[in-house]
Structure formats: structure tokens, C-alpha cells
Amino acid sequence: MFESFFPRPKLLVLSATIYALICVLGWYLIPLKDMGGTFSIGQILGWDFPIPLTEGADEETAAIFEEAQSGAQSFWLYQYVLTCYTLFTLIWLKISDHKWARWSIAGSALIIFVTWFQVQLDVFFNAWYRDFFDLIQVALAEEGAVTLGEYYGQLATFLMVALPYVILVVMKLFFTSHYVFRWRTAMNDRYTGMWEEVRDIEGASQRIQEDTQRFSSILQSLGVSVIDSVMTLIAFLPILWGLSVYVSEIPLLGEVPQALVIVAILWSVFGTGLMALAGYRLPGLEFRNQRVEAAYRKELVLGEDYMDRAQPLTLGELFGNVRRNYFRLYLEYTYFNVIRITYLQIGNLIPMFAMGPTIVAAGVTFGLFQQILNAFGRVENSFQFLVNSWPTIIDLISIHKRLAAFEAEIEGRRLSAIEQEPETRAV
């Protein structure tokens, strides 16, 4: 499943993890982040580092300096990250002669880089929320305190980043569609080339035609979600950590250092465990559902060519298996969805509940309140990756079980116990 598309997948993942760690540590510990004045090419494009301020500079000059410094530092960060991705990609393309290396390595690097860049834009939006809603608070408190130009200026700032963000997301979706199809093509070529070894497995045609497409699509989606969650956590956890100084006391726990971070972690861990417990039977049900569907579809296809196949009694029995399995799935998903949706709905109130004493004491502005809610939500969602993705993970597990039978048959290994069950079994 992986070797068909990725060169030496285990080594690739291990080397990518170690390399990423080295790049991150190099940025903070060497520290390369302070070397932009020497190595950045930003000055060519107008993002050069400003001359350090002299002692006693006025506030306006200091503000201009901070803005220029921030822009140059951001450009240096993008330049550094892009260079790191490019070097890793070129090294692997040089040492690998895999047919799909350009798509699997360069394509993965591009998707991950764009995902990281999206997270950086999300950080900008988070800071914008604070400035904008603080402006709203001032405007609503006193007539004429905010001019129409200042108000529309904030909206224009948002649009200047939002419109490129939309274009970037659309281009990423277009590229990932091609990426997924190339992965499917690689698996399709591998399995059709070994048709004689796998043709006797139940539903072999469906596994090659449908399961390879679903596997590559779901795994790519989940992979990007995992990376996005990790990058979002890295970007927003320090922000929430800093914002926690405004919320020193929370209900039930009292005064807790970094209260918002603690609440986000505890609530997310609780939800992850709850979802795992509520949905642990679903992967097996999904797998058996594919089996009974495949048996029913196979009989219908044979009935197109042979008069003695697809008789009403046979089809009725096979469809009865489909019906029983679906009804059990519906029942199990009802339990699961009650728990999942209830948890998510209550989760919307958790940050407001935690900030209750601070809000009543007028400890934050409206803009700061919005920024905290946004940052808390991003950190919470990152910790809740399993909660938000559990139905998709269940689907992926069932598909992986089916494709694993191909691998077992090719390698001459014993099939799993669930593969040896009668086709007619419905749970």
C-alpha cells in the first residue's frame, strides 16, 4: 500500500521526522532565527532588516521599526522553511529511483509546506480578531471615537490576507486531487500486476477498483489533518500560553497557572478517551459491511452473464445480510453520535465557563476575549484530532483490513481471523 507509491516508506518517515527536528532545533537553539540579517535575501525584495534604533527613539519611530523588523523576520522564516523543504526533497530525489518519487516526495513536501503556511495565516487572523473587536468595543462605547476610515481599514487588512488564502486553499485542493489519483494509480498497478495471486480473495475486484481509491484519499486527508493539527498546536499553544495570564482563576479548580492550557488539555484527553471507548466496535462492523456488500454485488454481476446466477432467493438472502449489518451499524452509530455530538456541543461552552470569573471581573477587553476564544478553539481542536476524525479513522481501518489481505496473500502469510469468517456472517 505504501511501497507502491513511496520509496522505502519507513526510512522516509524516520528521516523526515529526524530532519524536521534538526531544522526546528537549529532555528531556536543555534539560533538561526537571529541570522536573517546575514543570510536573508529579503533586502532584494524590500524586506530587509531595519537599522537598530538609537536610544531614546520616540514612539512613532519605534512602531515603524517594529513593523519593519516583524516583516523582515517573517520573510526570513518563510525563506528558511522553504529552503529546508527543498533540501530534503532534492536529497531524496537524488538517492531514489522510485517511479513515483516526484509525486510522493516532492508532492508530500509541497502539501505539508502549504499546510504550514496556512497555519501561519491563521495566526495572523487570530491577532487580527483582537485588534478588530477592540476597535468595535471602542466604537460602541463612544460616538466618534473611531472613524469610518479606521473601521474599513481593518476590513481591508483582513481581505488582503483572506483573498490569497482562498486562492492558496483552492490550488492545494486541486493539487491534492491529482496527488491522490497518482497514489491510487501506483496501488492499482501493483495489485493488477499480481492479479493471479490475489484473484481468489473475496471481493478482489472491488478492493482494487474502489478500496485503493478510498484508502489513498482518506489517508491523504487524515495525514494532512494530523500535520495541520501538530503545526497548529506548535503555533497556537504559545499564544494560548501567553493569553492565559489574563485568566488566573477558573471554576472548580481555583487559581491554576496557565489555566486555559490546562483546561484545553484535560477536556481534549477526556473526549479522545470517550470517543475511542464509544466507537471501538465500529471498524469491525464497517469491514463486515464491505464483505456482505461485495458478496451481493458479485452475485448481481455474475447474473449479467449467467442465467442460473442472481436468482431471487439467493439475492434475497445476500441482501438480507446487507440489511442486518446496516441496521447494526445504524444502531452502533446512534450510540456513538449521541456521545460525540453531546461532547462537541458542551465543548463550545468550556472556554466561556473557564473564563467566567475573569469576564465578570471585567478582566479582559472584547477583542482579547475573541482572541482567547479563537486560540483556545484552535488548540482544543488540535488536541481533539481523534475526536473530530474518528468516523473517518473507522472507515480507514476497515479499508486497510481489506487491502492487508492482498499483502498477506502476496507474501504467503495467513489471513486474519476476520478474513476467514464466512461471507454470510452479519454481526
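Residues numbered from 1 in each chain as written. Predicted model: local features only at pLDDT ≥ 70, side-chain atom pairs only at ≥ 80, totals over all residues. Heavy atoms only, no water.

### Re the overall build of the chain
Point 1. The helix and strand tally for the chain stands at 14 helices and two strands.
Point 2. Across its three principal directions, the C-alpha atoms of the chain cover 95 × 55 × 40 Å.
Point 3. A burial count over the chain gives 40% of its 427 residues as buried.
Point 4. A distance of 14 Å separates the average location of the 30 positive side-chain charges in the chain from that of its 42 negative side-chain charges. (Helix = DSSP H or I, 4+ residues; strand = E, 2+ residues; numbered from the N terminus. Buried < 20%, exposed > 50% of the residue type's maximum accessible area, 1.4 Å probe, protein only. Lys, Arg positive; Asp, Glu negative; His and termini not counted. Charge placed at Lys NZ, Arg CZ, Asp CG, Glu CD.)

### A look at the UniProt feature "transmembrane region" (unreviewed entry) in the chain
Point 1. Here, the residues flagged by UniProt with the feature "transmembrane region" (unreviewed entry) are residues 12-30, 75-93, 100-119, 155-175, 222-247, 259-280 and 349-369.
Point 2. Annotated as 95% helix and 0% strand, the span residues 100-119 places its first and last C-alpha atoms 28 Å apart.
Point 3. Across residues 155-175, helical content stands at 100% and strand content at 0%; the span's end C-alpha atoms are separated by 30 Å. (UniProt positions renumbered as here; feature names shortened; annotations may be inferred.)

### Brief notes about unusual backbone geometry
Point 1. A cis amide bond links Ile30 to the next residue, Pro31, at an omega of -10°.
Point 2. Of note, Pro31 is situated in the loop between helix H1 (9-29) and helix H2 (36-39).
Point 3. With a phi angle near 40°, Arg8 is a residue other than glycine that sits in the positive phi range.
Point 4. Following the sequence through the fold, Arg8 ends up in the segment before H1.

### With respect to the packing of H1 against helix H3 (residues 59-95)
Point 1. At a minimum axis separation of 11 Å, H1 and H3 run at an interaxial angle of 155°. As judged from the angle between their axes, H1 and H3 are roughly antiparallel. Relative to H3, the crossing made by H1 is right-handed. Across the interface between the two elements, Leu11, Leu12, Ser15, Ala16, Tyr19, Cys23, Gly26 and Trp27 from H1 touch Gln73, Trp76, Leu77, Tyr80, Cys84, Leu87, Phe88 and Trp92 from H3. (Axes fitted to C-alpha atoms, helices over the stretch in contact; angles between N-to-C directions. Parallel < 35°, antiparallel > 145°, perpendicular 65-115°, else oblique. Left-handed = near helix turned anticlockwise from the far one by under 90°. Contact = heavy atoms within 4.5 Å.)

### Considerations on the packing of aromatic side chains
Ring pairs (aromatic) are described by centroid distance and by the angle formed between their planes.
Point 1. Tallying each qualifying case throughout the model produces 35 aromatic pairs.
Point 2. Here the aromatic rings of Trp183 and Phe215 are separated by 6.1 Å at their centres, their planes lie at 80°, and the arrangement is edge-to-face. Within this pair, whereas Trp183 is found in helix H5 (residues 148-192), its partner Phe215 is found in helix H7 (residues 204-243), the two being separated by 32 residues in sequence.
Point 3. On the accessibility criterion, Phe215 (2% relative accessible area) is buried. (Phe/Tyr/Trp six-rings, centres within 6.5 Å; stacked < 30°, edge-to-face > 60°.)

### Re the pattern of salt bridges
Oppositely charged side chains are able to pair whenever their charged atoms sit close together.
Point 1. Taken as a whole and assessed by the stated rule, the structure comprises three salt bridges.
Point 2. A salt bridge links Asp189 to Lys99; its shortest N-O distance comes to 3.8 Å. Taken together, the positions of Asp189 in helix H5 and Lys99 in the loop between H3 and helix H4 (101-141) put the pair 90 residues apart, joining distant regions of the chain.
Point 3. Residue Arg378 is joined to Asp122 by a salt bridge in which the shortest nitrogen-to-oxygen separation is 3.2 Å. Of the two residues, Arg378 sits in helix H13 (residues 366-383) while Asp122 sits in helix H4, which places them 256 residues apart along the sequence. As far as burial versus exposure is concerned, Arg378 and Asp122 are alike and both buried. (Salt bridge = Lys/Arg side-chain N within 4 Å of Asp/Glu carboxyl O.)

### Thoughts on the state of the cysteines
Point 1. Counting across every chain of the model gives zero disulfides.
Point 2. The thiol of Cys23 is not disulfide-bonded; the next cysteine sulfur, from Cys84, is found 3.5 Å away.
Point 3. Using a relative accessible area of 11% as the deciding quantity, one classes Cys84 as buried. (Disulfide = S-S within 2.5 Å.)

### Section: the nonpolar core
Point 1. Among the nonpolar cores identified, the biggest contains 75 residues, and Trp183, Phe215 and Ile372 are the most heavily contacted of them.
Point 2. Of the residues forming this core, the biggest block, twelve residues, is contributed by H7.
Point 3. Once you skip the residues sitting within four places of it in the chain, Trp183 turns out to touch Met1, Phe2, Phe5, Phe6, Phe215, Ser216, Leu219 and Gln220. (Core = buried A, V, L, I, M, F, W, Y, C linked by side-chain atoms within 4.5 Å.)

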